[in-house]
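Each chain is listed here by its residues.
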Amino acid sequence: MMMQRGAVGSVVLTAVALTAIVGVAAAAPAPDKAVSVSHGEVTDNLYMSLGAFEDATSGEDPKVKAMIDRADIGGVQLVVPWKALEGEKGEYKWSRLDNALKYLQERHKKLFVQVQDRFFDVAMKDANLPQYVKDEGGVAPTVDENPDNPTTHGAMAAQWDKKVRADFQAMLKAMAGKFDGKLAGVNLPETAVEVDTKADQTKYTSKSYIDAEIDNMRYGKKVFTKTQFIQYINFLPDDDDHKRMKEMFDLAREIKIGIGGPDTLPDRKYQMENSYKFLHEYKDALPLVAMAVQEPDINAKDPKTGKPYTRERFTGFAHDYLGARQMFWTTEADWLQKPTA
């Protein structure tokens, strides 16, 4: 079993556990020779939902507003649900992103956007997807049956449905037409998913799901030619031998897609057996590695000490082992509660 994290709605971020099948650990194959990239220093950014950002910048949350202005914060990663970018089919809404970009540019900060199409611990009817996607049957139920937590249910866009994926890609293309070169990065969310196949009516299979993720990776890189495009990878369903994960990393190396993850958990068993080993092996061949530290991560215990991870441990592992150059921190991180040095 493994812990996963996800964005819920456009206002609140929460943590839940998703289960995925984990095979016996195998060493990640070394990537083909590639020009080594310089990892440089880690740039710290804040990580929050679009709604939380708007609460801060409006003055409703002065504590987080002050964090955005900190000299040691390079920018903000906003989790933006598909519904916030598109209302009726083909009718795109950019004002909220425009406002966020303007606010940050005036403060010489960068904006990263995570386009969210999956939502955890939420009823299907409340998933933050365009209504037409729901009406056309393009939403799949997800389930978390991790024994360490109560069973929870969520929903995601059925990307394996060609019509759903075409609509999603049309939105990405329109977004790129508006913001390519203006945003510091655009990423798609974590790959861990467990569709409730007993309740599903979208004809989900693990193969069709992974094929769709790869297709979206290719398409995102195709339309974002100036802004760095990033795919978060953590776990894949029914990928015990990790052949599909290797396929994703090979593609990222080949066409220069950045890779990241929703959690930084140094030396945690399941992470080390899955995407972390690939990040470590491929870090010198990827254009960018970007890692998030979400709320559950800061409370997780370090296997080496039995105590919560420290900031130094998070950053050192992310930079030295995973090759990260950008980190996205929950505003609950203890070091953000203190004044800058």
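Above: the structure in question.
A brief structural summary. Position numbers for residues count from 1 along each chain, tracking the sequence in the order it is written. Side-chain atom pairs in this predicted model are given and counted only at pLDDT of 80 or more, local residue features only at pLDDT of at least 70, and totals for whole chains, interfaces and linings cover all residues. The basis for every side-chain value is the complete set of non-hydrogen atoms in the structure, without hydrogens or water.

**Thoughts on the sheet that holds strand S7 (residues 139-144)**
What counts, and what does not: In short, DSSP must find at least two bridges between two strands for them to pair. Working definition: helices are DSSP H or I runs of at least four residues, strands are E runs of at least two. Numbering for both runs from the N terminus.
Spatial ordering of the open sheet is given by S6-S8-S7, a layout of 3 strands whose pairing is antiparallel. Edge strands, defined here as strands with exactly one partner in the open sheet, are strand S6 (118-119) and S7. In terms of strand pairing, S7 meets strand S8 (residues 152-157) through 6 bridges, oriented antiparallel. Residue Val-139 lies in a different strand from S8, and its bridge partner there is Ala-157.

**Focus: the environment of Gln-114**
So the rule is basically this: Each residue is assigned to one of three classes by its accessible area relative to the maximum for its type, calculated with a 1.4 Å probe on protein chains only: buried under 20%, partly exposed between the two thresholds, exposed over 50%. Note on contacts: a residue pair is in contact if any heavy atoms of the two residues lie within 4.5 Å.
In this fold, Gln-114 is placed in strand S5 (residues 110-116). Here Gln-114 falls in the buried class, since its relative accessible area comes to 4%. It is 4.7 Å that separates the C-alpha atoms of Gln-114 and Val-79, two residues lying 35 residues apart in sequence. Beyond its immediate sequence surroundings of up to four residues, Gln-114 is in contact with Tyr-47, Gln-77, Leu-78, Val-79, Val-80, Asn-187, Pro-189 and Tyr-232.

**Notes on the nonpolar core**
Here is the rule: What makes a nonpolar core is a set of buried Ala, Val, Leu, Ile, Met, Phe, Trp, Tyr and Cys residues whose side-chain atoms join them at distances within 4.5 Å.
Core analysis: the largest hydrophobic core is formed by 90 residues, its most contacted members being Phe-53, Leu-78, Trp-82, Val-115, Met-175, Phe-249 and Leu-279. Ignoring any residue separated from it by four or fewer positions in sequence, one finds Val-115 in contact with Val-80, Leu-85, Phe-168, Met-171, Leu-172, Met-175, Val-186, Asn-187, Leu-188 and Pro-189.

**Let's talk about the packing of helix H1 (residues 50-57) against helix H4 (residues 95-106)**
What counts is decided by this rule: Fitted lines through C-alpha atoms give the axes, limited to the stretch in contact for helices. The angle between two N-to-C directions lies from 0 to 180 degrees. Any angle from 65 to 115 degrees is called roughly perpendicular, while one under 35 is roughly parallel, one over 145 is roughly antiparallel, and all others are oblique. Crossing handedness is read from the near helix: turned anticlockwise from the far helix by less than a right angle, it gives a left-handed crossing, and turned clockwise, a right-handed one. Throughout, the ten residues Ala, Val, Leu, Ile, Met, Phe, Trp, Tyr, Cys and Pro are labelled nonpolar, Asp, Glu, Lys and Arg are labelled charged, and all others, Gly among them, are labelled polar.
H4 packs onto H1 with a crossing angle of 50° between their chain directions and a minimal axis gap of 11 Å. Compared by their axis directions, H1 and H4 come out oblique. Read as a crossing pair, H1 and H4 show a hand that is left-handed. Contact with H1, carried on its side by Leu-50, Gly-51, Phe-53, Glu-54 and Thr-57, involves Arg-96, Ala-100, Tyr-103 and Leu-104 of H4 and no other residues of that element. Grouping the amino acids of the contact of H1 with H4 by side-chain chemistry returns 5 nonpolar, 2 polar and 2 charged.

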